[in-house]
Amino acid sequence: MKVVGARLPRYDGVGHVTGQTQYVDDVRVQGMLWAKALRSPVHHAKITHLDTAKAEAMSGVHAVVTWRDVPLLEYGHLSALGIPADEPLLAKDTVRYMGQPIALVAADDEDTAQAAVNAIEVKFEELPTLFDVRNAFDEGAPKIHQWGNWYPHFEGDMDRRQIRKGNIEDAFDRADKIISGVYRPAAIEHVPLETQVSLVVPEPDGRLTIYSCTQALYFSLAVVAAHLEVPMNRIKIVGGTVGGGFGGKVDTATETLTALAAMKANRPVKWRWTREEEFLVSSTRAPWHMEIIDAVTEDGWILGRKMLTLHDSGAYARFSPYGLTKHSFHHTGAYTIPNLHFDGYVVFTNRTPTTAMRGFGVTSISFAVETHLSRIADELGLDPYEVRLKNANRINDTSPNRIRYTDPSSVEVIQALSEAAGGELAPAYAGATRAPREGEMLPEHLIGQLKTEGH
Amino acid sequence: MNIVLNGVTVAIKSPPLASLLTVLREELNVTSTKVGCEQGGCGACTALVNGKPQRTCLTPIAAVDGASVTTVEGLGDSDHLTAVQQSFVNHYAAQCGFCTPAMIIAATAYLEGNGSSDREEIEEALKGHTCRCTGYQKIVSAVAAAVAETTFDLTVTTPSPNTVIKSGGQT
Ligand code: FES
Ligand code: FES
């Protein structure tokens, strides 16, 4: 074995330490313009007036792009999966979050571009706002999205991601105790050291070369081509060197607009966000609202779980339906619960649209489940590791979406955690393995699932 | 105006209030100094000015007229890395690499000031440099190893999977 256990040099290490690694911002081309965006200063409003004439007339300004310049204004991040689009590339008549782009200016330098942005005349008629997912369902809640306040396009036109498994009422009837908790992790900004940036070069043959910091190159290619209504072979994206992403560079944030500005000016254009824009406008990890109600036995078995999740999508859907779907599959965490009743909603608010971040949709539920497991142990007066080891996934257990686990490592991970924390497990738990359940580890409520579920 | 950039005197045409960062990147095409925040918050734009680490985004070019400015382009090249550069490679102290040139500049100044391999002292010397990828441990280990001249050699080190790298605290 030459490789396993060996320390191999990173292929990009020498480039990093000599400053030779070329990030998007380091690419040099002749005649490059700088872009700046006009962004909504309010959270929710009608745009009643938009006039770019003064900005266009300024010297040094080469292009001003508004919604009128976008061939296909709305294209969703999940359109390729047949999910309808809801977000315009540039706001047309409505803004739904502070910082939403309304126009992009390309000019000789950043100061000129910013002066032109300031010269654009725009008027708003402010509308009521919604920031807390818990208020989205209220009768008098402001309607903030064209689809309503929550996403209505799950398969079969369902308005939620729903999981029903086993017999939930029976589980609650048999419970010794009902233990509930509410978990609300906040939004998190990815803060890559490299802010969002792209550089688009119109080539003499009519193609566009796009230098991008995207984490999802082919995905961006499809999104740009769709908005521009050009075949993909007209676009070449140069990527792969990312100054930190952590999921925040999965959304196609700058490429399409920069391309439109470059096409209109017929010059290379770079759009590099400021740190302030990165914090205020770039998508974040979503805030989540999760309510868990578990039916448990005195000795720490979880018989059933009812759960409600409200995923804060921000102003538009983007990847949130996908994130919530992953979340729903993981809503029992590393544990097996045979009777489930889960409803998850992708809720719209007047916040910056949220997106992927390391373990998209799953870190939220892991936080909630692990906190809840500790709460169960606490309320029952049991060892938190032993409660976990009882319910931990074993071979032949099934997930919420009825996948049979073939080789889960939950048991060993929990044992290692206990050891790292200096704990002492009772022999039954210290000796537990991932092997299929039997004996004391196969209580009655889990026998049924082994017979009837999985595939 | 002029500066002595990596040992070579260069004339500056940018206006006096242009930042040293903008001058380096846009006038002189020295791109190892990165634009991370332009507010003095991240450290990614750091260069040595007269031997001391300085945030170039907050430095008007007129304030450093005649000064000597060193960026990583002025340290070792890919065939002749300095001890700090080699240590960063070998200790995996650079992931995305965006913070790395500035970290190396700060570490180089630390070594030249006879800094010790004490982790807390290294942390103190590098504080104000944000890295979002590495979690800092490997960066501190790389600097400590460069000081102590214990940087392991990637080409000969083939530890068993359970070997703990003492200086890194990581397996
Ligand atoms: S760019 Fe200078 S400190 Fe961040
Ligand atoms: S290696 Fe990515 S910010 Fe430090």
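In this text the structure is predicted, and so the values were computed from the model without any measurement.

### Concerning the overall build of chain B
For step 1, the next point in the chain: Across its full length, chain B carries five helices and five strands.
For step 2, the next point in the chain: When its helices and strands are written in sequence order, chain B yields β-β-α-β-β-β-α-α-α-α.
For step 3, the next point in the chain: Considering only contacts in chain B between residues 6 or more positions apart, those separated by 24 or more positions represent 57%.
For step 4, the next point in the chain: Roughly 7,600 Å² of accessible area belongs to chain B as shown, and the carbon and sulfur atoms make up 50% of that amount.

### Observations regarding the domain arrangement of chain A
All names here are of chain A.
For step 1, the next point in the chain: Under the domain assignment used here, chain A contains domain 1 (30–126 + 190–281) and domain 2 (161–188 + 284–447).
For step 2, the next point in the chain: One C-alpha centre belongs to domain 1, the other to domain 2, and the line joining them spans 40 Å.
For step 3, the next point in the chain: Taken together, the contact pairs 20 residues of domain 1 with 20 residues of domain 2.
For step 4, the next point in the chain: Sorting the residues of domain 1 by area buried against domain 2 places Tyr97, His190 and Asp251 first, and these three jointly supply 31% of that buried surface.
For step 5, the next point in the chain: One can count two salt bridges joining domain 1 with domain 2.

### Considerations on helix H5 (residues 137–148) of chain B
All names here are of chain B.
For step 1, the next point in the chain: When the terminal C-alpha atoms of H5 are compared, their 16 Å separation across 12 residues agrees well with the 16 Å that a helix rising 1.5 Å per residue should span.
For step 2, the next point in the chain: Residues of H5 that are buried: Ile139, Val140, Ser141, Ala142, Val143, Ala144, Ala145 and Ala146.
For step 3, the next point in the chain: Looking one or two residues beyond H5, the residue adopting positive phi is glutamate 149, at roughly 55 degrees.

### Let's talk about the domain arrangement of chain B
The parts lose accessible area when they come together, and the size of an interface is often stated as this lost area.
Residue and element names in this part refer to chain B.
For step 1, the next point in the chain: Taken as a whole, chain B is organised into domain 1 (2–74) and domain 2 (83–147).
For step 2, the next point in the chain: Each of domain 1 and domain 2 has a C-alpha centre, and the two are 20 Å apart.
For step 3, the next point in the chain: Counting the contacts that link domain 1 with domain 2 gives two residue pairs in polar contact (both at pLDDT 80 or more).
For step 4, the next point in the chain: Going through the elements one at a time, strand S3 (46–49) and strand S4 (52–55) are the ones with two or more residues in the side of domain 1 that touches domain 2.
For step 5, the next point in the chain: A breakdown of the residues in the side of domain 1 that touches domain 2 according to their chemical character gives eight nonpolar, seven polar and two charged.

### Concerning the sheet that holds strand S1 (residues 2–5) of chain B
All names here are of chain B.
For step 1, the next point in the chain: The mixed open sheet is built from five strands, whose spatial order is S2-S1-S5-S3-S4. A strand with exactly one partner marks an edge of an open sheet, and here the two such strands are strand S2 (8–11) and S4. Geometrically, the sheet is characterised by an average inter-axis angle of 40 degrees between neighbouring strands, direction not taken into account.
For step 2, the next point in the chain: Both S3 and S4 contribute to a ladder of four bridges, which runs antiparallel. Among the inter-strand pairings, threonine 46 is bridged to a residue of S4, identified as arginine 55.
For step 3, the next point in the chain: Of the strands in this sheet, S3, S4 and strand S5 (68–70) touch helix H3 (residues 100–112), which is tilted by about 35 degrees from S3.

### As for the packing of helix H2 (residues 83–90) of chain B against H5(B)
All names here are of chain B.
For step 1, the next point in the chain: Interhelical geometry of H2 versus H5 gives an angle of 135 degrees and a closest axis separation of 8 Å. Put simply, H2 runs oblique to H5. The hand of the H2/H5 crossing is right-handed. Of the residues in H5, those touching H2 at Ala83, Val84, Ser87 and Phe88 are Ile139, Ala142, Val143, Ala145 and Ala146.
For step 2, the next point in the chain: For the contact of H2 with H5, the class distribution of residues is eight nonpolar, one polar and no charged.

### Structural notes on the side chain of Asn393(A)
Residue and element names in this part refer to chain A.
For step 1, the next point in the chain: Relative to the helices and strands, asparagine 393 resides in the loop between helix H10 (384–391) and helix H11 (410–420).
For step 2, the next point in the chain: By relative accessible area, which is 4% here, asparagine 393 ends up buried.
For step 3, the next point in the chain: Polar side-chain contacts of asparagine 393 include one of 2.6 Å to the side chain of threonine 336.
For step 4, the next point in the chain: Filtering out sequence-adjacent residues up to four positions away, asparagine 393 remains in contact with Gly333, Ala334, Tyr335, Thr336, Tyr405, Pro408, Ser410 and Val411.

### Concerning the confidence of the model for chain B
The predicted coordinates ought not to be read in detail in places where the model reports low pLDDT.
Residue and element names in this part refer to chain B.
For step 1, the next point in the chain: Taken residue by residue, chain B gives an average pLDDT of 90. The fraction at 70 or more is 89%.
For step 2, the next point in the chain: Overall, residues 156–171 carries pLDDT values under 50, and its contacts beyond four positions in sequence, including any with other chains, amount to 22 contacts.
For step 3, the next point in the chain: Listed scores for the predicted complex are pTM 0.93 and ipTM 0.92.

### Section: the pairing of strand S7 (residues 161–165) of chain A
All names here are of chain A.
For step 1, the next point in the chain: Only one face of S7 is covered, namely the face carrying Arg161, Ile163 and Lys165; the face carrying Gln162 and Arg164 is uncovered.
For step 2, the next point in the chain: The pairing of S7 with strand S16 (residues 339–348) spans five bridges and is classified as antiparallel. In the sheet register, lysine 165 faces S16, and the bridge partner there is leucine 340.

### Description of the interface of chain A and chain B
For step 1, the next point in the chain: On the chain B side, the residues contacting the 33 residues of chain A number 41 residues.
For step 2, the next point in the chain: In this assembly, chain A and chain B are joined by five salt bridges.
For step 3, the next point in the chain: The interface formed by chain A and chain B includes 18 residue pairs in polar contact (both at pLDDT 80 or more).
For step 4, the next point in the chain: Per-element accounting of the side of chain A that touches chain B gives the leading share, five residues, to helix H1 (residues 13–18) of chain A.
For step 5, the next point in the chain: Residue classes in the side of chain A that touches chain B are distributed as 12 nonpolar, 11 polar and 10 charged.

### So, the side chain of Thr325(A)
For step 1, the next point in the chain: Its place among the elements puts Thr325(A) in helix H8 (residues 320–329).
For step 2, the next point in the chain: Leaving out residues up to four positions away in the same chain, Thr325(A) has contacts with Phe154(A) and Arg161(A).

### Quick notes on the packing of H2(B) against H3(B)
Residue and element names in this part refer to chain B.
For step 1, the next point in the chain: For the pair H2 and H3, interaxial distance at closest approach is 9 Å and the crossing angle is 130 degrees. Here H3 runs oblique to H2, going by the angle between their axes. With respect to the hand of their crossing, H2 and H3 are arranged in right-handed fashion. Counting all contacts with H2, which are made through Val84, Gln85 and Phe88, the residues of H3 involved are Thr100, Met103, Ile104, Ala107, Thr108 and Leu111.
For step 2, the next point in the chain: In the contact of H2 with H3, the residues fall into six nonpolar, three polar and no charged.

About the cut-offs
Residues numbered from 1 in each chain as written. Chains lettered and ligands numbered in written order. Predicted model: local features only at pLDDT ≥ 70, side-chain atom pairs only at ≥ 80, totals over all residues. Heavy atoms only, no water. Helix = DSSP H or I, 4+ residues; strand = E, 2+ residues; numbered from the N terminus. Contact = heavy atoms within 4.5 Å. Areas by Shrake-Rupley, 256 points an atom, 1.4 Å probe, with all protein chains shown as cover. Domains from an automatic or database assignment. Buried area = accessible area lost by both parts, 1.4 Å probe. Salt bridge = Lys/Arg side-chain N within 4 Å of Asp/Glu carboxyl O. Expected span 1.5 Å × (residues − 1). Buried < 20%, exposed > 50% of the residue type's maximum accessible area, 1.4 Å probe, protein only. Polar contact = N/O pair within 3.5 Å; in protein donor to acceptor, adjacent residues only side chain to side chain. Nonpolar A, V, L, I, M, F, W, Y, C, P; charged D, E, K, R; others polar. Pairing = 2+ DSSP bridges. Axes fitted to C-alpha atoms, helices over the stretch in contact; angles between N-to-C directions. Parallel < 35°, antiparallel > 145°, perpendicular 65-115°, else oblique. Left-handed = near helix turned anticlockwise from the far one by under 90°. pLDDT = per-residue confidence, 0-100.

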